[in-house]
Each structure stands twice: as structure tokens, then as C-alpha cells.
Amino acid sequence: MRFQAHQFFILASVSLLLSCFYLDTAYGGRVRDGGWQAVDPKDPHIVEIGRYAVDEHNKQANTSLKFKSVVKGESQVVAGVNYRLIVAAVHVKNVHNYQAMVYERAWEGFRNLTSFLPLLA
Ligand SMILES: *[C@@H]1O[C@H](CO)[C@@H](O)[C@H](O)[C@H]1NC(C)=O
Ligand SMILES: *[C@@H]1O[C@H](CO)[C@@H](O)[C@H](O)[C@H]1NC(C)=O
């Protein structure tokens, strides 16, 4: 069977549609709005990011906070994923909340703590 120009065009349109659909489902529609999307604070990956944020902050600021939990969080798909998490950590026996921002390119195993701020209760 010979490929006609219009057949190729239809094929290309269908694959474009499919990849749009794929991106939409893969990122839960996040690609379209480019905004922040709530994440499950109990998700093991989110807990790992929260723990990483506290450990990394301890290294950078020479503190000894103890990670307790992720209180809530959001993520944003960029050329990677930005996570904005509220983490609870123990500081000298008292639990405090901190806002941690972590940038991750999971496929490269790259993570960076971009900010870590105490939240005034
Ligand atoms: C880190 O903190 C500990 C305990 O407060 C202190 O003994 C140590 O000298 C500090 N290290 C640096 C690199 O500031
Ligand atoms: C990590 O984030 C900090 C704060 O945004 C930035 O200054 C630093 O360059 C980043 N490090 C890497 C390796 O991207």
C-alpha cells in the first residue's frame, strides 16, 4: 500500500492528539495550567523529599532538626518538578513547621533544596 499525503497527515494528527492526551493524563492536567497541584503528604516519594529537605538544611545550616512529617505540599512541573512542602521537624524537643522548596529531576537523580524557611506559628 502506498502512503498518500493525506493519510500521513491523518496519522500525524492522531499521534499529536494521543501525545497531548498522554501528557494530560501523565501530569494530571498540570501541563496545561503550569500551576501548583496539591500532593499527598503521605506519599512515600513526598515523604522522602521532605526528609531530604530537612537533612539538606541540617548540612547547609549546621543544625540538627529531626524530620517528623510532611504536613502538606504542592508540586509544579517545570523542566523537572518543583516541590513546595510544609514539613514538621523537631527542634530542641519542640515541633516546628518549615516551608521547604525542592527542585528534582528524578531521571537524573538530581535534587536541590532551593529554600527552607521557618513558618511563624
Ligand atoms: C556545627 O555545630 C556544632 C554544634 O553546635 C559545632 O560544634 C560545630 O563546630 C559546628 N560546625 C560548623 C562547621 O560550624
Ligand atoms: C541550588 O539552589 C540554590 C538556591 O536556589 C542555588 O543557589 C544553587 O545554585 C542550586 N544548586 C544547583 C547545583 O543547582
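About the thresholds
- Residues numbered from 1 in each chain as written.
- Chains lettered and ligands numbered in written order.
- Predicted model: local features only at pLDDT ≥ 70, side-chain atom pairs only at ≥ 80, totals over all residues.
- Heavy atoms only, no water.
- Helix = DSSP H or I, 4+ residues; strand = E, 2+ residues; numbered from the N terminus.
- Expected span 1.5 Å × (residues − 1).
- Buried < 20%, exposed > 50% of the residue type's maximum accessible area, 1.4 Å probe, protein only.
- Contact = heavy atoms within 4.5 Å.
- Polar contact = N/O pair within 3.5 Å; in protein donor to acceptor, adjacent residues only side chain to side chain.
- Pairing = 2+ DSSP bridges.
- Near = heavy atom within 4 Å.
- Areas by Shrake-Rupley, 256 points an atom, 1.4 Å probe, with all protein chains shown as cover.
- Nonpolar A, V, L, I, M, F, W, Y, C, P; charged D, E, K, R; others polar.
- Core = buried A, V, L, I, M, F, W, Y, C linked by side-chain atoms within 4.5 Å.

The name an unreviewed UniProt entry assigns to the protein chain is Cystatin domain-containing protein, from the organism Stephania japonica.

A. How the structure looks around helix α3 (residues 44-61). Helix length check: α3, at 18 residues, gives a terminal C-alpha distance of 26 Å against a target of 26 Å (1.5 Å per residue), a fit within 8%. Looking only at α3, the buried set comprises I46, I49, G50, Y52, A53, V54, E56, H57 and N58. Taken together, the buried residues of α3 touch β1 (37-39), β2 (66-78), β3 (80-91), β4 (94-105) and β5 (110-118). Two to three positions downstream of the cap, the backbone nitrogen of H45 sits 2.7 Å from a side-chain oxygen, assigning the N-cap of α3 to D43. Following α3 by one or two positions, N62 has its phi on the positive side, about 50°.

B. Representation of the pairing of β5 within the structure. Looking at chain direction, β4 and β5 are connected through eight bridges and run antiparallel. Bridge pairing in β5 places Y103 opposite N112. The antiparallel hairpin formed by β4 and β5 contains four residues in its connecting segment, where G109 sits at a positive phi of about 65°.

C. Local environment of the site of ligand 2. Contacts to ligand 2 come from F110, N112, L113 and T114. Protein chains bury 32% of the 360 Å² of accessible surface belonging to ligand 2 in isolation. Taken together, the residues that form the shell around ligand 2 break down as two nonpolar, two polar and no charged.

D. Region of the structure containing the nonpolar core. Core analysis: the biggest nonpolar cluster contains 19 residues, and V54, Y83, L85, V87, V102, L113 and F116 have the highest contact counts within it. Listing elements by their share of this core, those giving two or more residues are α3, β2, β3, β4 and β5.

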